[in-house]
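Given next are the chains, with one letter for each unit.
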Amino acid sequence: MIANHSISDSRVSLPSLEQIVQVLTLEEYNTRVVVLGVMALGTAAGLVGTFLILRRRALTADALSHATLPGIAIAFMVMVALGGEGKNLLGLLIGAFVFGCIGVLAILGIRHTTRLKDDAAIGIVLSVLFGLGLCLLRIATELPNGNTAGLNGFIFGKAASMVANDALTMGVVALGVAIVIGILRKEWTLLCFDEKFGAVQGWPMLWLDVLLMAMVAIVTVIALQSVGLVLAVAMLIIPATSARYWTTKISSMLIAAAIIGCLSGWLGGITSALIPRMPTGPIIVLICGFWFIFSFIVGPVDGLIIRQITRLRLNRRISMQHILRAMWEVSEDTETSQFSIEEIVYVRSWSKRTVSKLLRRCEKLHFATRVSAKNWRLTQKGSAEASRVVRNHRLWEVYLITHADIAPTHVDRDADMIEHVLGRDLVAKLELLLETPALPKSPHPVGEQQ
Amino acid sequence: MKVEAGHSPTSPVSIHDLTVAYNRKPVLWDVDLDIPEGKLIAIVGPNGAGKSTLIKAVMDLVPKASGKVMIYGNTFKKQRKLVSYVPQRESVDWDFPIDALGVVTMGRYSRIGWCKPVRKIDYKRAMDALERVGMSDYARRQISQLSGGQQQRVFLARALAQDSTIYFMDEPFASVDAATEKAIVKVLSDLRSSGKTVVVVHHDLQTVREYFSHVILLNMRVVAHGRVEDIFTEENLKKTYGGRLTLLSEAVERMARH
Amino acid sequence: MSWSIIDTWIIIIGALCAAGCAIPGTILVLRRMSMMGDAISHTVLPGIAIAFLVTGSRDPTAMLIGSVAVGLLTAFLIQGIQSLGKVEAGASMGIVFTVLFAFGLVLMRQAVDHVDIDPDCVLYGSIELAWFDQEPDGLGIPRGAIVNSVMLLANLFVVLLFYKEFKITSFDPALAKSQGIQPSFMHYLLMTMTATTAVAAFETVGSILVVAMFIVPPATAYLLTNRFGMMFVFSIALSIVAAALGHLSAITIPTWFGFSGTSTAGAMAVATGVLFIVVLLVSPNQGMISRLWRRLSVRILVIREDILGLLWRLEERGQGKMLPIQLSEAIGTTELSVRMALLSLKKRGSVSKTASSWSLTERGRTNATKLVRSHRLWEVYLDKHFPQDTHQLHHAASRLEHVTTDAMESNLGHAEVDPHGSPVPDEE
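The shown structure was predicted, so the numbers you read here are calculated from the model rather than taken from an experiment.

Q: Residue-level account of the overall build of chain A, with values.
A: Along its length, chain A carries 18 helices and three strands. Taken over 450 residues, chain A has a buried fraction of 53%. Considering only intrachain contacts with a sequence separation of at least 6, the fraction spanning at least 24 residues in chain A is 70%.

So this is what it looks like as structure tokens:
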């Protein structure tokens, strides 16, 4: 295209507003075909991928997509031999489907007849069948009346070669997949969650499994043209894995995965139409990747942020309880119920800064007040809270000594770890079990712990 | 000289000459057993004695090297509607995106049938089952947020929702809290009083007398089986737990290697 | 087929490359991390693309560093997503390598006007053209051969240096840790090795076929031997054979059908697969044929011993002769297999034939006595340990008697009569 770029010139010419509008409205035929096609593909892949992920078959799907290559080459050769032009899409896809299934069967065969594990079986099938596919493809180029140009497109994907019919096929397949999943949702849930239980109930687990893999094969096959076989597996697994960070229900996970897949398709299709030299397939996969990172970080279910927040909250609660207990224990020994920061520092192995920070938080919560420049005192509210905390702690200590046979010197630290994570109902049980008075005495001297 | 052990058509589970091998290592060898109807039966034996394998083989979950199993005089395939299964808790992924109620309704799936959605009545039955194990408050809780004992109770509820006649439970008491233990015991006695047959793989010798009426002592073969009072004797336990019968295991292992 | 020096070098380079891959591959297969090899070999592409965009040249050192760095990043990300994101290992690999590979493809496409990285090269490698790339000049040795030998030697060196560490961390990471060997260090050492090897081999066989070199020969070797050290030897041998076989078939087989030839790298991958299938069938221990044969010979052995036992018991009752058809009815097997077993017994001098009936010879009687003895001792043993199933004793013992060794028999103890009241014969 543009010949005189220098290497350092990585400038990307920005599209004009007019272009953007043109692309967004899908005015142009080519854009329309590609964008609608990959959106349908993304939806279908998200739906099937959900069950694929729950069945833990991500890499099997990878082997499946690589195994389609010899099928494509053979279908091409057969069609040329029969006098056709060889590049009939339906024919090629049937070949791909057949070999995809052969690949999955080969994996199962290796696993059952040898002592090799899943990983090796997948690797063998993936690489050997892909190698076979490359050999056959090379041979196919020499066929006298076959025009193989474009067959290579199945490897890395070539969305530009799509025509309206292809997009229609993708749409029909996506619809079909959605219907099958709607019908078999219950059965596949059983398959993925508890295969053995389903088998006892009399469900044909093997056939459900085969049907699921057939669905995977169909989606992989329609992904070949746009995304390519190396990256097809990404469409199946990334939206579904991302969806797991948003929901704990399988029905919403299906919807979320379908939406993420569809959106990735849409954004990818548009990006590659707007920016020159952006191959559609890889761009879609990259956008899926962004979705994953986004979900992984901000998703409300086990997302990185939510987990950090929970941890911080717990830590905060723990240090709050610690300072309350320290204040209580220190003021227990004094006449005036007053104490200084130094005394707290002495009891807990905290720095002076941490202690004053915690004390300020206590002040805000009206747990403690400053009575003089140096001295602090627990408020009534703080007293009540602290006595509850101390009580819990000592109950645990007593329990651990009497029931778990832990030495009094260690008991403080163990109780520390347990008390913060257990709720009120357990404390109630503990009280019942130990039949203890309101506040047991500390079984070890306060203030000498490490 | 040759005596054929016949299958008793009245026995809920009749096992004949059952042999099972995992990776060429025999786990069960020539087991012969008629399980009595309407009783609470514990399967007891040392680790690796084939306790779980026995109930799995009955339910066709592991391939049998030889032997036959009859459920009320018919094959398991024909009688599976009569059988409920509580697998070991570790056998599934508890991070799976489903709530407790969802798991319990799985027990209704075979009644619902192919492709049909879960009906209201099934949810109601599932809720009843959850209620029976004291878990109705947790119905909408995602299963990973349940404690181990609660997960076990969900599994139990799923089996109850199936409403069958024979229950197989694989170590339901394994590392559960007191509340769960109590709930399971209550369910067991309910099941017994309504005439169901319950076979439980059990690992805790202390509680056998208290919880069960019958016991099967297993160590690769059946050492003894019958009423707890008669069978659960020190002598029989010594036989069961007196180490693997090395000579027999050696011979059977050689056999399986062939 | 016309052979030239080019073909010789193709095989040499292919063999060096495959052998080099087989070394980390063996450890990957043993650790059940084969697909890690797949993931890392995919991410060579973005590594090369980034190195190119950063340095603006095809400097091999920069490309090596870039690819190894991205390869390690891959390993690191896979681990991180798996543990932090609660994602299953397979899915985690799938996500990381597809996204990075897609990134590599986009970068390549962006740089397409300046680079001569050909997508075909990514797939097929350039082993067919390796001969023409002779740098440094004048040695008469292609660069590919030098690169791959260096890689092979480096891998050999690392594996020999850390031999026992790899062995112990692959077998039992916890034990390794307790002995002060960090499993995570060994893991990343292996990942570095894998990444470096993938980069070196990339040029020769292309990024995806590297996977075949990594996984298939070691997996094949795994079916041939049970020993850690021998796995390396077998893997290397197999990969050399596969390289030679691959190139030979690439230039010959298509010509039988009127084509000129096919991709050598692809054919090498197929050759590894063919070797795998052959070994799967004929391996002495794990092979399907030998397993089938063993099962068959055991069946004949059992029938042979059943005949001996039957004739012995008949003698005990004062008979001692039987027609083959009677034998087959009594044992419960086909007449044909009984006849075959009788012939093999006759060859061993255990039975003789008078008229059409068969009876024991002196030698056969000795063997039969031994069998019946262990049968009845087993009945005694089983009766003692599992008292409730007397009705099964015979059935059980008649299966155990065939596997009883002398050592076992002496452990079975002594008894005069079996639980049915028949005498236990003494050994003669």
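Q: Could you give an account of the pattern of salt bridges, naming the residues involved and the relevant values?
A: Under the definition given, this model contains 29 salt bridges over all chains. The salt bridge involving Arg56(A) is made with Asp93(B); its shortest N-O contact spans 3.4 Å. Linking Arg56(A) in the loop between helix 2 (29-54) and helix 3 (58-81) with Asp93(B) in the loop between strand 5 (83-86) and helix 3 (100-105), this pair reaches from one chain into another. Overall, Arg56(A) belongs to the partly exposed group, its relative accessible area being 45%. Asp93(B) sits in the partly exposed class, given a relative accessible area of 22%. Here Asp122(B) ties to Arg108(B) by a salt bridge, and the two come within 3.3 Å at their closest N and O atoms. Residue Asp122(B) is located in helix 5 (residues 120-132), and its partner Arg108(B) is located in the loop between helix 3 and helix 4 (109-112); the two are separated by 14 residues in the primary sequence. In terms of burial, Asp122(B) and Arg108(B) fall into one category: buried.

Q: With reference to specific residues and values, describe the packing of helix 5 (residues 118-140) of chain A against helix 13 (residues 264-282) of chain C.
A: Relative orientation of the contacting elements helix 5 of chain A and helix 13 of chain C amounts to 135°, with a least axis distance of 7 Å. Relative to helix 13 of chain C, the element helix 5 of chain A lies oblique. When the axes of helix 5 of chain A and helix 13 of chain C are compared, the crossing they make is left-handed. In contact with Ile124(A), Ser127(A), Val128(A), Gly131(A), Leu132(A) and Cys135(A) of helix 5 of chain A, helix 13 of chain C contributes Gly266(C), Ala267(C), Ala269(C), Val270(C), Thr272(C), Gly273(C) and Phe276(C). Split by residue class, the contact of helix 5 of chain A with helix 13 of chain C holds eight nonpolar, five polar and no charged.

Q: Can you lay out the sheet that holds strand 3 (residues 375-378) of chain A for me, pointing to particular residues and giving the numbers?
A: Residue and element names in this part refer to chain A. Spatial strand order, 1-3-2: three strands in an open sheet with antiparallel pairing. Both outer strands of the open sheet, strand 1 (338-340) and strand 2 (368-370), are each paired with one neighbouring strand and no more. Geometrically, the sheet is characterised by an average inter-axis angle of 35° between neighbouring strands, direction not taken into account. Here strand 1 pairs with strand 3 via three bridges, running antiparallel. Bridging across to strand 3, Ser340 finds its partner in Asn375. Along the sheet, helix 13 (residues 304-332) contacts strand 1, strand 2 and strand 3; its crossing angle with strand 3, the most-contacted strand, is approximately 100°.

Q: So what about the domain arrangement of chain A? Which residues, and what values?
A: Under the domain assignment used here, chain A contains domain 1 (17-300) and domain 2 (307-434). Between the C-alpha centres of domain 1 of chain A and domain 2 of chain A the distance comes to 57 Å.

Criteria and cut-off values
- Residue numbers here run from 1 along each chain, matching the order of that chain's written sequence.
- Chain letters and ligand numbers both follow the written order, the letters beginning at A and the numbers at 1.
- pLDDT decides what is reported in this predicted model: residues at 70 or higher carry local features, side-chain atom pairs at 80 or more are listed and counted, and totals for whole chains, interfaces and linings draw on all residues regardless.
- Remark: hydrogens and water are excluded; side-chain values derive from all non-hydrogen atoms of the structure.
- Secondary structure elements are taken from DSSP: a helix is a run of H or I of four residues or more, a strand is a run of E of two residues or more, and numbering for both begins at the N terminus.
- Buried means the residue's accessible area, taken with a 1.4 Å probe over protein chains only, is under 20% of the maximum for its type, while exposed means over 50%, and partly exposed covers the values in between.
- Pairs of residues are marked as contacts when any of their non-hydrogen atoms sit within 4.5 Å.
- Any carboxyl oxygen of Asp or Glu within 4 Å of a side-chain nitrogen of Lys or Arg constitutes a salt bridge here.
- Helix axes are fitted to C-alpha atoms over the stretch in contact, other axes to C-alpha atoms as well, and angles between N-to-C directions run from 0 to 180 degrees.
- Here the word oblique covers every angle except those under 35 degrees (roughly parallel), over 145 (roughly antiparallel) and from 65 to 115 (roughly perpendicular).
- The sense of a crossing depends on the near helix, which, turned anticlockwise from the far helix by less than a right angle, makes the crossing left-handed and, turned clockwise, makes it right-handed.
- The classification used treats Ala, Val, Leu, Ile, Met, Phe, Trp, Tyr, Cys and Pro as nonpolar, Asp, Glu, Lys and Arg as charged, and all other residues, Gly among them, as polar.
- Two strands are said to pair when DSSP picks up at least two bridges between them.
- Residue ranges labeled as domains rest on an automatic or database domain assignment.

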